[in-house]
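# Results of the structural survey
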Amino acid sequence: MTEQDGTEPDSTGNGSTGHREAGRRDADDTSRPRRLETDVVVLGGGAVGENAADRVVQDGLEAVLVEPALIGGECSYWACMPSKALLRPGTALAAARSVAGSREAGTGMLDAQAVLDRRNSFTSHWNDSSQAEWVEGAGIGLVRGRGRLTGPREVTVDYDDAGTTTIVARRAVVLATGSVPTPPPLKGLDGVEYWGTREATSAQEVPPRLIVFGGGVSGTELAQAWARLGSRVTLVARHDILDSYPEQARELVKAGLVSDGVDVRTFTAADFVRGTADGGVELCLQDGSVLSADRLLVSTGRAPALAHLGLEELGLEELDMDSGRLESDDSGLVRGTDWLYVVGDAAGKVLLTHQGKYEARAAGAAISARARGELAPAAAPRAWSREASTANHVAVPQVVFTDPEIAMVGRTAEQARAGGVNVSETSLELSVAGSSLYADDYRGWAQMVVDEDRRVVVGMTFAGPGVSELLHAATIAITGEVPLERLWHAVPSYPTISEIWLRLLEKYGL
Ligand SMILES: Cc1cc2nc3c(=O)[nH]c(=O)nc-3n(C[C@H](O)[C@H](O)[C@H](O)COP(=O)(O)OP(=O)(O)OC[C@H]3O[C@@H](n4cnc5c(N)ncnc54)[C@H](O)[C@@H]3O)c2cc1C
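The shown structure was predicted, so the numbers you read here are calculated from the model rather than taken from an experiment.

Around the ligand, the surrounding shell holds 31 residues, and the nearest of these are Glu67, Glu74, Lys84, Asp345 and Thr353. Valine 48 has a polar backbone atom sitting 3.2 Å from an oxygen atom of the ligand. Taking leucine 352, its main chain carries an N or O atom lying 3.3 Å from an oxygen atom of the ligand. Protein contact buries 90% of the 1000 Å² of open area that the ligand shows by itself. For the shell around the ligand, the secondary-structure elements that each account for two or more residues are helix H2 (47-58), helix H3 (73-77), helix H4 (80-97), strand S4 (146-151) and helix H10 (353-371). Taken together, the residues of the shell around the ligand break down into 14 nonpolar, 12 polar and five charged. A domain-level breakdown of the shell around the ligand finds at least three residues from each of domain 1 (2-73 + 131-180 + 304-381) and domain 2 (75-122).

Structural data, given as structure tokens:
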């Protein structure tokens, strides 16, 4: 550690130093340094970790990113991108079929192989060289190994083929280690081969019959994707599908799944699962019936990946590991420390890429501000400042990319009331000139939740084909706290689906 002694943090340089320059090697000249020193160490090179490292480098600090697997993480290779690439061709074909004139041209099935090939290209065939190039070009150091905390501001990286590097962080360590699936307590699951979302987003063949176990966003999206690719899909959910979304929106998605031939079994409990002689699976339900399939996809939630990070050894598990979460403030700073940050899925606040990247930008800004002395070491950041992910509390946009889609931001009426807000709800079938042009027999629904005391929108839900692109206007209205009287002057173009805003405001009474 002598190398560190007396070293002044460099908070003024341009930060574009890269790995070799960012750290220092020990005297023996191996290709891997045994010891490095930098301003910020980020554990996890997913989308969130990349953003945290990029932000501090842009602010003039040095950063090293530690990643044992593919740079880009879950979103690029096994989650957002491949799942949306699997869904998009089916949505495009259904859109063509929903309009007289193009319907006649849109006959036939999806070309499953072409869809899988296009998905493969979106994941760069699970090769991260372009992302590694981006990291280097951004001036971020890269260490390909698995990191763990071995002291305050100290990370030890273990390599697959033995050997370690110790990295000392002058400023901060950021945990961006993502999340891991939480398998359900289903008897027999350990004894059968099954898909998780990784296998379901990277499969190279369409299974003739697929059981999807879990009715959350991933389960529902993947059920539709594989059904449209030709699989006979049964979706089994313990409660309703998508049960955190308003009922009218859920019902539209359910109708979409059923029209794609998905056998939707809601409020259905399973007893156990077993393998069959031909390599398939049987899911035995509590009502005594048995579902058979070639593949089982288990998609029942995720939890922060915080195991084996050395937290216990540092006494940090005592802070608050309730429900597997490490408690942190809005800058991501872990309670009780002035150097450890947690962001993205690892923080467990909102498990969405865009919100994790937002948390990463806030954490990066806070680290830089604290390095410059503009923010006190452990002080909570000011709400709505660059250093705070305030929108996490009131305006998280989320899209279910099924066909029809659900796009929701902010709070439902129930959530708002539970938080003590005096709200009204205004709901409408989505039926405007733009929607009828978009698709013959367009079916959709929208809801606006208004804080009656402040006269601002606090929640918005759209359900229907093509509504995801409507969402950002609602996100702006909520984060900007635009008064209803002023929102009235935001005139939607004619004829677009956005005209639903006007109809909602009129129904509300403006
Ligand atoms: C099927 C599916 C579809 C999804 N679709 C969407 C979507 O459409 N839109 C959306 O916003 N979100 C979506 N999500 C959620 C999204 O994928 C996650 O929120 C996002 O990937 C989280 O990014 P992250 O960087 O926090 O974690 P990850 O992407 O998981 O990255 C964490 C990285 O940390 C590395 N790591 C782990 N341990 C260590 C260690 N000890 N040292 C160093 N590195 C370590 C891992 O190898 C990994 O690369 C989807 C999720 C799933 C499962």
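Let's shift gears to the sheet that holds strand S12 (residues 281-285). Judged by pairing direction, the sheet is antiparallel, and its three strands sit side by side in the order S11-S12-S13 without closing on themselves. On the outer flanks of this sheet lie strand S11 (270-275) and strand S13 (290-293), each paired with one strand and no other. Recorded for the sheet is a direction-independent mean angle of 20° between the axes of neighbouring strands. Pairing analysis gives four bridges linking S12 to S13, with the strands arranged antiparallel. Paired with valine 281 across the two strands is alanine 293, which belongs to S13.

With domains assigned, the chain is organised as domain 1 (2-73 + 131-180 + 304-381), domain 2 (75-122), domain 3 (189-300) and domain 4 (404-508). Area buried by domain 3 at its contact with domain 4 is led by Tyr245, Pro246 and Leu252, which between them contribute 53% of it. Counting the contacts that link domain 3 with domain 4 gives zero salt bridges. Where domain 3 meets domain 4, there are zero residue pairs in polar contact (both at pLDDT 80 or more). Among the residues making up the side of domain 3 that touches domain 4, the classes are represented as seven nonpolar, three polar and one charged.

Conventions and cut-offs
- Residues numbered from 1 in each chain as written.
- Predicted model: local features only at pLDDT ≥ 70, side-chain atom pairs only at ≥ 80, totals over all residues.
- Heavy atoms only, no water.
- Near = heavy atom within 4 Å.
- Polar contact = N/O pair within 3.5 Å; in protein donor to acceptor, adjacent residues only side chain to side chain.
- Areas by Shrake-Rupley, 256 points an atom, 1.4 Å probe, with all protein chains shown as cover.
- Helix = DSSP H or I, 4+ residues; strand = E, 2+ residues; numbered from the N terminus.
- Nonpolar A, V, L, I, M, F, W, Y, C, P; charged D, E, K, R; others polar.
- Domains from an automatic or database assignment.
- Pairing = 2+ DSSP bridges.
- Axes fitted to C-alpha atoms, helices over the stretch in contact; angles between N-to-C directions.
- Buried area = accessible area lost by both parts, 1.4 Å probe.
- Salt bridge = Lys/Arg side-chain N within 4 Å of Asp/Glu carboxyl O.

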